[in-house]
Amino acid sequence: MRIFNLIKKDILLVGNYLFVSLLLAFALPIYLSHQSVYLGSVYLLLVSISFSCYFIFNNIFLAEDKYKGNLYLMSTPYTKWDIAITKYILALLLFGIELICYFFSSKIIHAVKPSLSFSAISIVFFLFSVVLSIFFPLYFRYSYAKIKMALLVIFIFLPTWGVVGVTYLLGRKSIADGSGLSVKASCLLIILGGIVLLLSAQYSNHILKKRDF
């Protein structure tokens, strides 16, 4: 119940940008899949979830930094673990919403060309986990004003150009769609992604315990 209330608080902080994020989650894969250059499902999913998360967390962090939200939360019954893990859970919920939007666009209305495979999901989940595991500890360690450019780089520039650069260098379409991975390898990537997120959440909790607000 405590985590639910904190997630609700974050959603209220987002305001109208929540609708912008949901619109991006639905429309961005459709738009990108109809470009003249082939963009695989890994790229479409990763870029879509990255843009959605950017709009969500940019506004959450901005509001929390402006009104010292984390400082006031420290005086409430919420634990530092509650505060830290909420951000990770919200990001995972956004990932799930993006999957639903992608499947609906590709399977129901057939508006997205490359279908989404389990291997593609596992690749994106792992990459997304790494991105979150880097940024959230930075946010809890420093004020948002000091790292807002890092948010732009980590959530926008790296997913946008990183996957394209790797695919171009290796010259393999299988990377773009994740078709080269077996089911076992895909499951392993998801497990590793979950471990990375858990370790990162524990480190964020450690940072909050030591930080002097």
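Residues numbered from 1 in each chain as written. Predicted model: local features only at pLDDT ≥ 70, side-chain atom pairs only at ≥ 80, totals over all residues. Heavy atoms only, no water.

Student: Quick question: what am I supposed to make of the overall build of the protein here?
Tutor: When helices and strands are counted, the protein shows nine helices and zero strands. When the elements of the protein are put in sequence order from the N terminus, they spell out α-α-α-α-α-α-α-α-α. For the protein, buried positions account for 46% of its 213 residues. Sequence-distant contacts in the protein: of pairs separated by 6 or more residues, those separated by 24 or more amount to 84%. As displayed, the protein has an accessible area near 11100 Å², and 71% of this comes from carbon and sulfur atoms. (Helix = DSSP H or I, 4+ residues; strand = E, 2+ residues; numbered from the N terminus. Buried < 20%, exposed > 50% of the residue type's maximum accessible area, 1.4 Å probe, protein only. Contact = heavy atoms within 4.5 Å. Areas by Shrake-Rupley, 256 points an atom, 1.4 Å probe, with all protein chains shown as cover.)

Student: Honestly, the packing of aromatic side chains in this entry has me stumped. Any pointers?
Tutor: Aromatic rings in a pair are described by how distant their centres are and how their planes are angled relative to each other. Enumeration according to the criterion identifies 13 aromatic pairs in this entry. An angle of 65° between the planes, with centres 5.7 Å apart, marks the rings of Phe95 and Phe125 as edge-to-face. Highlighted residues: Phe95 in helix α5 (residues 80–108) and Phe125 in helix α6 (residues 118–141), separated in sequence by 30 residues. An aromatic cluster is defined as three or more aromatic residues linked by ring pairs; in this entry it consists of Phe57, Phe61, Tyr88, Phe135, Phe136, Tyr139, Phe140 and Tyr144. The ring of Tyr142 has Arg141 lying over it, and the distance from NZ or CZ to the ring centre is 4.9 Å. (Phe/Tyr/Trp six-rings, centres within 6.5 Å; stacked < 30°, edge-to-face > 60°. Lys NZ or Arg CZ within 6 Å of the ring centre and 35° of its normal.)

Student: How do you make sense of the side chain of Thr86 when you look at a structure like this?
Tutor: Along the chain, the position of Thr86 falls in helix α5. A distance of 2.6 Å separates the side chain of Thr86 from the backbone oxygen of Asp82, its partner in a polar contact. Once residues lying within four places of it in the same chain are set aside, the contact partners of Thr86 are Ile3, Leu6, Ile7 and Asp10. (Polar contact = N/O pair within 3.5 Å; in protein donor to acceptor, adjacent residues only side chain to side chain.)

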